[in-house]
Amino acid sequence: MTGSRMKKGGTKQTKAAGSQRSSHGDGKQLDLFQIQDAAQDVPVKEDISSMEFPIFSLTKIPDTRQRVYSRGGKTLRIFPSMRGAATVFDKDILIYCISRIARSLDAGEQVSRRVRIAVHPFLVGTQRSTGGAAYERVVDMCRRLKGTTIETNVKTSDQERTEGFGLLEHYKVTQYTQNGKGALELELTISDWLYRAVTDFDILTLDSDYFALTRSLDRRLYELARKHCGSKPWWVCNLPLLCEKTGSMEELRYFKKKLKAMIRRDDLPGYRVVLDETIKPNQAVFFIRDNRRIFSEARSSDKLGWVCRLLGSSV
């Protein structure tokens, strides 16, 4: 699992994308980036900022709360519409788009933040139902993404600014289902903030099984593990901070209960989580699924006893 910024030829592609991006600020119609193929083996990409900050709601019911997250000089404010804030599941359509933009950048192709997608390949590629109601739910996803306003001074690339934007700048149904309620084809314009992150390769690769995670908290925990643990043997985070990072609005005791349930399921792709209740505040320890590397690092860092205690292993 490596970030796209490490791709060979990234500098050349970033310059090409940057010159194209500058032409988008003069009020002219954006070029259309057409996703024409239905390939499902496209590496899954996500921007680093939305992996770090709890932009998306964890609840499936309409969430109309205004939320504020501040840490390390960064402040994030989320203002939902009356339909509720965009959820971690709504984000799938953004991940789908930026994954294909990133692939085209890697191939040296021209891209745009104005994207046209066929809905059926999107549903299949993100492991969703392809039943009739799914095509109507996609339109609702676009409504929440467009209606959620983010005000932030989060840094993307080498720029830092305070700005407000919707996660989708514009959406349009270009082909309807037979009943006229669902979308067979969509035209989307992603925010310039998100597009800058992609074209500057401020993104990471996700395991494709991310889409198989059906619980919103599990998805957020995986994102945080991918961002902070990455390929390192382990990452440690105390529970109050982890709760804050996920964006959970629950009391800590209820968050801990859900975390323990996730640990029992043990289905995060690439990572397993152990709860260390011997210290206060309790700590969640994220391990990669490679015991050889874990114990090698444990020996070299004089943490073998700690690792063996947490994993219940002996060497």
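Bear in mind the structure is a predicted one, so any value in this text is a computation, not a measurement. (Residues numbered from 1 in each chain as written. Predicted model: local features only at pLDDT ≥ 70, side-chain atom pairs only at ≥ 80, totals over all residues. Heavy atoms only, no water.)

1. Re the overall build of the protein
And then number 1: When its secondary structure is counted, the protein shows eleven helices and 13 strands.
And then number 2: Residues counted as buried form 51% of the 315 residues belonging to the protein.
And then number 3: Here the contacts in the protein between residues at least 6 apart in sequence split such that 66% fall between residues at least 24 apart.
And then number 4: Of the roughly 14700 Å² of accessible surface on the protein, a fraction of 48% belongs to carbon and sulfur atoms. (Helix = DSSP H or I, 4+ residues; strand = E, 2+ residues; numbered from the N terminus. Buried < 20%, exposed > 50% of the residue type's maximum accessible area, 1.4 Å probe, protein only. Contact = heavy atoms within 4.5 Å. Areas by Shrake-Rupley, 256 points an atom, 1.4 Å probe, with all protein chains shown as cover.)

2. Concerning the nonpolar core
And then number 1: Grouped together as the largest cluster of nonpolar side chains are 90 residues, with contacts concentrated most on I93, I117, L186 and L242.
And then number 2: In contact with I117, other than residues within four places in its own chain, are I35, I93, Y96, C97, F122, L184, E185, L186 and L188. (Core = buried A, V, L, I, M, F, W, Y, C linked by side-chain atoms within 4.5 Å.)

3. Overview of the sheet that holds strand 11 (residues 234-238)
And then number 1: A sheet is described by the order of its strands in space; here three strands give the open sequence 11-13-12, paired in antiparallel fashion. If you trace the sheet from one side to the other, it starts and ends with strand 11 and strand 12 (271-276), each paired once. The sheet shows a mean angle of 20° between the axes of neighbouring strands, direction not considered.
And then number 2: Bridge analysis of strand 11 against strand 13 (residues 283-288) gives five bridges, and the strand direction is antiparallel. Paired with C237 across the strands is A284, a residue of strand 13.
And then number 3: On top of the sheet, helix 11 (residues 304-311) reaches strand 11, strand 12 and strand 13; it is set at about 95° to strand 12, its chief contact. (Pairing = 2+ DSSP bridges. Axes fitted to C-alpha atoms, helices over the stretch in contact; angles between N-to-C directions.)

4. Looking at the packing of helix 7 (residues 216-229) against helix 8 (residues 239-246)
And then number 1: Look at helix 7 against helix 8: their axes get within 10 Å of each other, and the N-to-C directions meet at 110°. As far as their axial angle goes, helix 8 and helix 7 are roughly perpendicular. Residue-level inspection shows L217, R220, L221, L224 and H228 of helix 7 in contact with helix 8, the latter providing L242, K245 and T246.
And then number 2: Of the residues assigned to the contact of helix 7 with helix 8, the class counts are four nonpolar, two polar and two charged. (Parallel < 35°, antiparallel > 145°, perpendicular 65-115°, else oblique. Nonpolar A, V, L, I, M, F, W, Y, C, P; charged D, E, K, R; others polar.)

5. Topic: helix 11
Since the α-helix turns once every 3.6 residues, residues separated by three or four places project in the same direction.
And then number 1: Of the positions making up helix 11, those classed as buried are W306, V307, C308, L310 and L311.
And then number 2: Next to the buried residues of helix 11 lie strand 11, strand 12, strand 13 and helix 10 (291-300).

6. Regarding the layout of surface pockets
And then number 1: Approximately 500 Å³ is the volume found for the largest pocket.
And then number 2: K60, F89, D90, R128 and R137 are the residues nearest the centre of the largest pocket, which is lined by 28 residues in total.
And then number 3: If you tally residues by element for the lining of the largest pocket, the top one is helix 5 (residues 132-147), at six residues.
And then number 4: In terms of residue class, the lining of the largest pocket is built from eleven nonpolar, seven polar and ten charged.
And then number 5: Roughly 380 Å³ of volume is contained in the second largest pocket. (1 Å grid on protein atoms, 1.4 Å probe; cavity = no way out; pocket = protein on both sides within 12 Å on 5 of 7 lines; lining within 4 Å. Points joined across faces, edges and corners; volume = space filled by probe spheres on them.)

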